[in-house]
Amino acid sequence: MRRWWLLLTLLLLAAACDANTEDPTTTTTRTTEPVIESTTTIATTDRPALSTEDLHLVLLWHQHQPLYPKDQNGVVTRPWVRLHAAKDYWDMADLVGRYPDLRVSFNLTPVLLLQLEEIMNGTRDLYWVHTEIPADELIEEEQAFLLARFFDVNPGIISRFPRYQELANQRTDGVEFSTQDYLDLQVLFNLAWTDPDLLDRPALRELVSQGRNFAEPDKQPVLEVHLDAVAATLDIHKELWAAGNIEVTTTPLAHPILPLLSLIHI
């Protein structure tokens, strides 16, 4: 969804630039005059002339996550840094890199970079931990966690995976989950939070095609792709910055909004 939004933004930007650079001396003949069912006279001579100045538009994406707390075991209680890296942060920069003439700015907050580096150094989140638990060893509390949290995905994305939608319906209907159901849920949740381009890698493409009846070893390639995406998120921004395709800004550690607004104002 974010990719389509980004493409739409680029198209609108191109259209705005074309409209703004149109020759102001050129007149357009209307082939069909609008029908105005009114006796009111509309004055057109008082309208201000269109400005011929260039349109200045700044595209600034604020890439951030709050600092998620860790439990007593050092496990991060929320997965969103990892999942958004696998689904969005890498993909947005990669898409911008496909348009050499496009110039955008990314605001990378220190708190986001800190957590990305922690993941690369071995820090894991609670959802990762619950993914790695063998499905036949899940205790009741862990099963409840999967049912409560492993459907935290856009419903439109869930529907792209028939088995995932089946499990969602099963939960809604109160049907008891089997060991295989929990195992499929562990794999599908992480697949759903993976960028489509990454899903097209051979190992994941086979899993998506298989769709169901996953085995325990099927979890590992998905998690490895997520780690690759975390590392690639930092690398691709460095490459684009060095090449002059993007500008990179930052804010104080916890990404308060006021400094960002001041930056835009400047």
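Since the model is a prediction, treat every value here as computed from it, not as a measurement. (Residues numbered from 1 in each chain as written. Predicted model: local features only at pLDDT ≥ 70, side-chain atom pairs only at ≥ 80, totals over all residues. Heavy atoms only, no water.)

Novice: Explain the confidence of the model for the chain to me, please; I cannot follow it from the model alone.
Specialist: Should pLDDT be low for a region, the predicted coordinates there are not to be read in detail. Mean pLDDT for the chain: 83, with 76% of residues reaching 70 or above. Note on residues 4–43: pLDDT is under 50 here. Beyond four places in sequence and across chains, it has 22 contacts. (pLDDT = per-residue confidence, 0-100. Contact = heavy atoms within 4.5 Å.)

Novice: Would you mind showing me how to read the side chain of Gln115 here?
Specialist: Counting through the fold element by element, Gln115 comes out in helix α3 (residues 110–120). There is a polar contact of 2.9 Å between the side chain of Gln115 and the backbone oxygen of Pro66. (Helix = DSSP H or I, 4+ residues; strand = E, 2+ residues; numbered from the N terminus. Polar contact = N/O pair within 3.5 Å; in protein donor to acceptor, adjacent residues only side chain to side chain.)

Novice: Looking at this structure, I do not really get the packing of aromatic side chains. What am I missing?
Specialist: For the coordinates displayed, the defined rule picks out 10 aromatic pairs. Cluster of aromatic residues (ring-pair linked, three or more members): Trp80, Tyr127, Phe145, Phe150, Phe189 and Trp193. Above the plane of the ring of Trp128 lies Arg124, whose end atom (NZ or CZ) is 4.4 Å from the centre. (Phe/Tyr/Trp six-rings, centres within 6.5 Å; stacked < 30°, edge-to-face > 60°. Lys NZ or Arg CZ within 6 Å of the ring centre and 35° of its normal.)

Novice: What's the story with the nonpolar core in this structure? I'm lost.
Specialist: Ranked by internal contacts, the top residues of the largest apolar core, which has 59 residues, are Phe106, Tyr164 and Leu191. Among the elements that make up this core, the one with the highest residue count is helix α2 (residues 80–97) (10 residues). If we ignore the near neighbours within four places in the chain, the residues touching Phe106 are Leu60, Trp61, Gln63, Met92, Ala93, Val96, His237, Ile246, Glu247, Val248 and Thr249. (Core = buried A, V, L, I, M, F, W, Y, C linked by side-chain atoms within 4.5 Å. Buried < 20%, exposed > 50% of the residue type's maximum accessible area, 1.4 Å probe, protein only.)

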